[in-house]
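A closer look at the structure
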Amino acid sequence: MSDGVVETRASEVSGGETQTVDVAVVGAGFAGLYLLHRLRKAGFSTVALDTANDVGGTWYWNRYPGARCDIQTVDYSYTFDPELEKAWQWSEKYATQPEILRYLGFVADRYDLRRDIRFGTRVLGASWDDAKERWLLTTDKGPAVSCRHYIMATGCLSQPKPPEIDGVHDFKGEIYFTSRWPHDGVDLRGKRVAVIGTGSSGIQSIPIIAEQAAQLTVFQRTPNFALPAHNGPLPADRAAQLAEDRNGLREQARWSMAGVPIPPATDFSWALSEAERRERFEKLWASGDLVGMLTQLWADQGVDPDGNALLADLIREKIHEIVKDPETAAALTPHDHPFGAKRPCLDTNYYQTFNRPNVTLVNLRQEPITSITADGIKTDRRSFDIDVIVFATGFDAMTGAIRAVHPITGRGGKSLEDVWANGPQTYLGLTVADFPNLFLITGPGSPSVLSNMAVSIEQHVDWVVDRLVALREAGFTTIEATETAQAGWARHMADCATVTLHRLANTWYTGANVPGKPQTLMPYTGGVGPYRGICNEIVSRGMLGFKLSGPNGASQCNDGEIVRLQPDVRLVLNMLAEMNLPPIESMGAAGAREFVAQFNATRPPGRPVGEVKDGTLQGADGPLPYRLYRPATPGPHPIVVYFHGGGWVLGDEQSDDPFCRDMCRRSNMIFVSVGYRHAPEHRFPAAAEDGYAATRWVAEHAAELGGRDGPVLVAGWSAGGNIAAVTCQLARDRGGPLVGGQLLVCPVTDCSFDRPSYTDNAAGYFLTRGLMYWFWDIYCSPADRTDPRASPLRGKLQGLPPAYIVTCEFDPLRDEGVAYAEALAANGVPVGQLKAHGHFHSSFTMVDVVITGVGGRMQMAEALQAFTQSAEEGESQEINAAAS
Ligand code: NA7
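A short tour of the structure in this document, coming up.

Basis of the calculations
Residues numbered from 1 in each chain as written. Predicted model: local features only at pLDDT ≥ 70, side-chain atom pairs only at ≥ 80, totals over all residues. Heavy atoms only, no water. Helix = DSSP H or I, 4+ residues; strand = E, 2+ residues; numbered from the N terminus. Rg over C-alpha atoms; globule rule 2.2 N^0.38 Å. Buried < 20%, exposed > 50% of the residue type's maximum accessible area, 1.4 Å probe, protein only. Contact = heavy atoms within 4.5 Å. Areas by Shrake-Rupley, 256 points an atom, 1.4 Å probe, with all protein chains shown as cover. Lys, Arg positive; Asp, Glu negative; His and termini not counted. Charge placed at Lys NZ, Arg CZ, Asp CG, Glu CD. Pairing = 2+ DSSP bridges. Axes fitted to C-alpha atoms, helices over the stretch in contact; angles between N-to-C directions. Near = heavy atom within 4 Å. Polar contact = N/O pair within 3.5 Å; in protein donor to acceptor, adjacent residues only side chain to side chain. Nonpolar A, V, L, I, M, F, W, Y, C, P; charged D, E, K, R; others polar. Parallel < 35°, antiparallel > 145°, perpendicular 65-115°, else oblique. Left-handed = near helix turned anticlockwise from the far one by under 90°. Expected span 1.5 Å × (residues − 1). Bend = angle between axes of the 7 residues up to and from the residue. Phe/Tyr/Trp six-rings, centres within 6.5 Å; stacked < 30°, edge-to-face > 60°. Lys NZ or Arg CZ within 6 Å of the ring centre and 35° of its normal. Salt bridge = Lys/Arg side-chain N within 4 Å of Asp/Glu carboxyl O. Patch = residues over 30% accessible without salt bridge, like charges linked within 9 Å, V, L, I, M, F, W, Y side chains within 5 Å.

Quick notes on the overall build of the protein
Helix and strand counts for the protein stand at 26 helices and 30 strands. A compact globule built from 884 residues should have a C-alpha radius of gyration of about 29 Å, and the protein, at 31 Å, falls within 12% of that. Reported as C-alpha extents along the three principal axes, the dimensions of the protein are approximately 90 × 75 × 60 Å. Per-residue burial for the protein yields a buried fraction of 59% across its 884 residues. The contacts of the protein with a sequence gap of at least 6 include a subset with a gap of at least 24, amounting to 74%. As displayed, the protein has an accessible area near 33700 Å², and 50% of this comes from carbon and sulfur atoms. Separation of charge centres in the protein, based on 80 positive and 103 negative side chains, amounts to 3 Å.

As structure tokens, then:
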């Protein structure tokens, strides 16, 4: 078919002016092609529009030398049709751009898709007509399009960034953009070539350009991490796996984090020796697997700066080994971002290329480009005579291609440009409130560029087309995200982002590469599998967060937020729900202890601290075990007496081990975790009295324990928080010891069960109302419960040490923790509060599972430090007062 010819078999053109279809799609790349196929099968009349003259999307345009896929191409393929999978064989592990383009052409032919595509056609604007409930698209060629649904399959990296360098128009030589490389290729032989940019496009093309050009000068602003691709045939083990269980692997990819069927590492870096870490690294370096290097070394590599630095250092070492000139090696070595926070690259001989005599690296951090002249490029130090400039300067990513269709006008004349003025707002990255029947495939807010695009595209397309079918069957004509759902998604996105290290890099993921672009992390970082689960849950919960409407006033709106929990809390709770455990209270005390011991044994080990030492201290009625955690820094250190959780029934001085280690490191304080006595063997007030006695003993033995002069601090979680709070009251009333501050994490403070959090969070968040009843019954008779040693909220609250009280949104104990904080404040006690949204009772003690708890623990550590600081200031004031 020739360019621009409009085939109307499946649509109507009225008066030559407007083409009327059910669904219009922009883009004929990976997403657009699959959309056409699915929509057509579902019986929708459809047209796709693309500025290119053929199918391929990003693979149509990015024809620069060396352009390749950097996810193994067997994974970067359609999976919707097993026959298609049989009919196409990839020739290499990482296919070249021409091969991928041939594949997309093959798909278009196989499903006869070209007949519904208007090539060489740009959409100039799109506006929603509320009365007709249709979108009208104006185009630069051929008829306008009227459609019920408008789907943008415009890709994430399709709008090239302008050069942004003065004098480009003065240049007399040739200029090329990697993203718009001429179809006939470019002859660079004998020429002096400049490449500006060292992202994937630069890193893939530079080694090949260096082989062709007489002289190559690479202008690098930010060095990037690159790994050798070791391309070749598909590795035998992958080929065998696919042959054996293709469907299983495909399903694994769909539910994985990155859309690739490889399990992430579960060992933490600190649990591996240096030799083990190096061995893992060398294996992955040799295998040439980007997703593997991003996920398979150790569990903390993508979430913790320290774990990441171990890996980044190993890559830095490799760069210095490969590049012979130390100055060039140093300039090529990234130091300004964690590995993976900026898109790392797969290369073939990239670093080796800088050993060639005809290649020069210019470090723009040291000598920025001042202008492009008629003859070449000037930095603030020197001039380079150049014949050809290649801009590998990247894209206005994620939002660029969508906003290039301008204006997009939704309900009530709202412009998408205005709605997104401070960054993209979407629900799921798929829809936008006030823009009915508009869908974005791999839009901002979806896993998109942090995933295998092929897997994400299929999921999006299937979800959208299935919704359109369901809408049609239910007789609705419009579908639109609600504001509540959209705002909730933004919050969930932000929660997910705190887990990752993307915040530590300026990248196109955040819009930092485009001057003036609002900066916000655009892709969804919660992972492909969890995202798929969320999309499915929206459907099973009656299209939560969507308004649907139809003829004769038919409407449905099930408003709400799909994810209110922190992302990792959600995973933990889902996992626990799947385990279908019997209620802990049904196990009896001995059974529950056994269960907790087994459960704790499966948890990752805590991080190393300076020293961990077990000992015995004097409790209220005999010796008690304790475990001491000492920081690695030189002492003496302030001491925190810590009480573990477990409802006065479960746990011991070791059971909050990861929390104690983490807090010891963060606060730089000694933690002494006390093995206080438990019910039912020792009912109330044994635990409370032990807490007080242990604190007194620690204060008296502080110097021997390596503690600093000054008051001790107390801390506790859950029932341990109760004991810590009670200890402060007893210490005040019994003449010491001096307590400098109390950190109460989700504490039990009262025996009343009628606060809303007991009802709101009665079940489903691990600590249930039933379990709390059981704990109370075992610990304390109803008559004793109002004793302040059981319910400190009922005690006298004046004159207590400063407090920091942490409560979690999804915890039955939330409101009594808040009540205690408010009551303390009302009684003149300095109180800090952390009301942790999206967290559950165990969030902060599940240290290496609930990563989103890090921020909270940092605040707790700061609160502990502030306690000692104010205690010291108080002491020095007293000394000064005495002196004067
Ligand atoms: P990228 O990854 O955005 O890389 C663009 C490169 O160009 C990067 O090194 C930029 O440096 C550099 N750049 C951009 N603007 C300038 C100016 N004005 N002066 C000097 N250097 C500049 O784009 P790619 O096309 O390589 O890759 C895009 C994605 O495609 C890739 O991540 C894969 O997902 C596939 P900066 O880092 O901004 O300092």
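Focus: the environment of D325
Position of D325 among the secondary structure elements: in the loop between α9 (305-322) and α10 (326-332). Residue classification places D325 among the partly exposed positions, given a relative accessible area of 35%. Separated by 30 residues in the primary sequence, D325 and N355 place their C-alpha atoms 7.5 Å from one another.

Here we look at the sheet that holds strand β20 (residues 478-481)
Strand pairing in a sheet relies on backbone hydrogen bonds, with the paired strands running either antiparallel or parallel. Taken in spatial order, the 3 strands make up an open sheet running β20-β21-β22, and their pairing is antiparallel. Among the strands making up the open sheet, the edge pair consists of β20 and β22 (555-558). Strand after strand, the sheet turns through a mean of 15 degrees between neighbouring axes, direction not considered. Of the strand pairs in this sheet, β20 and strand β21 (residues 546-549) are connected by 4 bridges, and their pairing is antiparallel. Bridge pairing in β21 links T478 to S549.

Some points on the site of the ligand
Around the ligand, the structure places 21 residues, and the nearest of them are K161, S201, R221, T222 and K342. One nitrogen or oxygen atom from the side chain of K161 is found 2.9 Å from a nitrogen atom belonging to the ligand. Taking W508, its side chain carries an N or O atom lying 3.4 Å from an oxygen atom of the ligand. Coverage of the ligand by the protein chains reaches 87% of its 770 Å² of free accessible surface. Residue composition of the shell around the ligand, grouped by class: 7 nonpolar, 8 polar and 6 charged.

Comments concerning the packing of helix α7 (residues 274-287) against α9
As a packed pair, α7 and α9 sit with axes 11 Å apart at the nearest point and diverge in direction by 60 degrees. The orientation of α7 with respect to α9, classified from their angle, is oblique. As α7 packs across α9, the resulting crossing turns out to be right-handed. Across the interface between the two elements, R277, R278, F281, E282 and W285 from α7 touch L310, L311, L314, I315, E317, K318 and I322 from α9.

Observations concerning the pairing of β21
In this sheet, β22 lies alongside β21 in antiparallel orientation, the contact comprising 4 bridges. Bridged to F546 within β22 is N558. Where β21 hands over to β22, the hairpin turn is made up of 5 residues, of which N552 adopts a positive phi near 55 degrees.

Side note on helix α5 (residues 200-212)
The terminal C-alpha atoms of α5 lie 19 Å apart, and with 13 residues this matches the ideal 18 Å at 1.5 Å per residue to within 8%. Of all bends in α5, the biggest is about 35 degrees, found at I206, and the proline P207 comes one to four residues later.

Some words on the sheet that holds strand β8 (residues 174-177)
Read from one edge to the other, the open sheet built from 5 strands follows the order β8-β17-β9-β10-β13, with strand pairing classed as parallel. The outermost strands of the open sheet, each flanked by one partner alone, are β8 and β13 (359-363). In this sheet, adjacent strand axes meet at a mean angle of 20 degrees when their direction is disregarded. Against the sheet, α5 makes contact with β9 (192-196), β10 (215-220), β13 and β17 (388-391), and its axis sits at roughly 155 degrees relative to β10, the strand it touches most.

Digging into the packing of aromatic side chains
With the rule as written, the count across this model stands at 44 aromatic pairs. Between the aromatic rings of W59 and Y76, the centroid separation amounts to 6.1 Å while the plane-to-plane angle is 75 degrees, which identifies the pairing as edge-to-face. Note that W59 is positioned in helix α2 (residues 58-61) and Y76 in the loop between α2 and α3 (82-87), a separation of 17 residues in sequence. Of the two residues, W59 and Y76, neither departs from the other in class, the shared state being buried. When the ring of Y176 is compared with that of W181, the centres are 5.5 Å apart and the planes differ by 50 degrees; the resulting orientation is tilted. Like W181, Y176 is buried. Here the aromatic cluster, defined as three or more aromatic residues joined through ring pairs, consists of F30, Y34, W59, Y76, Y78, F80, W88, W90, Y103, F106 and Y111. Cation over ring: R532 sits above W255, and NZ or CZ is 5.8 Å from the ring centre.

Topic: the packing of helix α20 (residues 686-700) against helix α22 (residues 719-733)
In the contact formed by α20 and α22, the axes pass within 9 Å of each other and the chain directions differ by 65 degrees. Note on packing geometry: the crossing formed by α20 with α22 is right-handed. Of α22, the residues touching α20 (which contributes A687, A688, E689, G691, Y692 and T695) are I723, V726, T727, L730 and A731.

What to know about the pattern of salt bridges
Taken as a whole, this structure holds 54 salt bridges when the rule is applied. A salt bridge links D129 to K132, with the nearest nitrogen and oxygen atoms 3.9 Å apart. D129 sits in the partly exposed class, given a relative accessible area of 27%. Of the residues examined, K132 reaches a relative accessible area of 57% and is grouped as exposed.

Considerations on a nonpolar patch on the surface
Side chains of M575, M579 and L581 sit close together on the surface and give an oily, nonpolar patch of about 260 Å² of accessible area. With respect to the helices and strands, M575 occurs in helix α17 (residues 567-579).

A closer look at the side chain of T431
Summarising the element assignment, T431 is placed in the loop between α13 (416-419) and β19 (438-440). Beyond its immediate sequence surroundings of up to four residues, T431 is in contact with T426, L438, F439, A481, Q486 and F546.

Things to note about the pairing of strand β24 (residues 622-630)
Along any regular strand the residues' side chains alternate between the sheet's two faces. Among the 9 residues in β24, 7 count as buried, and that is most of the element. Here 9 bridges tie strand β23 (residues 611-619) to β24, and the two strands are oriented antiparallel to one another. Along β24, the bridge assignment pairs K613 with L628. Turn length for the β23-β24 hairpin, with the two strands adjacent in sequence and antiparallel, is 2 residues. Both β24 and strand β26 (residues 670-674) contribute to a ladder of 4 bridges, which runs antiparallel. Its bridge partner being in β26, R627 is matched across the sheet by S673.

Quick word on unusual backbone geometry
Each neighbour pair has its own omega, and for H406 with P407 the value is 0 degrees, a cis peptide bond. Topologically, P407 is positioned in the loop between α12 (400-404) and β18 (408-409). Cis peptide bonds are those with omega within 30 degrees of zero, and the linkage from G736 to P737 qualifies with 5 degrees. With respect to the helices and strands, the residue P737 is situated in the loop between α22 and β28 (739-745). Phi is positive for D112, which is not a glycine, with a value near 50 degrees. Among the structural elements, D112 can be located in the loop between α4 (97-110) and β4 (117-118). Given a relative accessible area of 37%, D112 falls into the partly exposed group. The phi torsion at E164 lies on the positive side, around 60 degrees, for a residue other than glycine. Considering the arrangement of structural elements, one finds E164 in the loop between β7 (144-152) and β8. With a relative accessible area of 40%, E164 lands in the partly exposed category.

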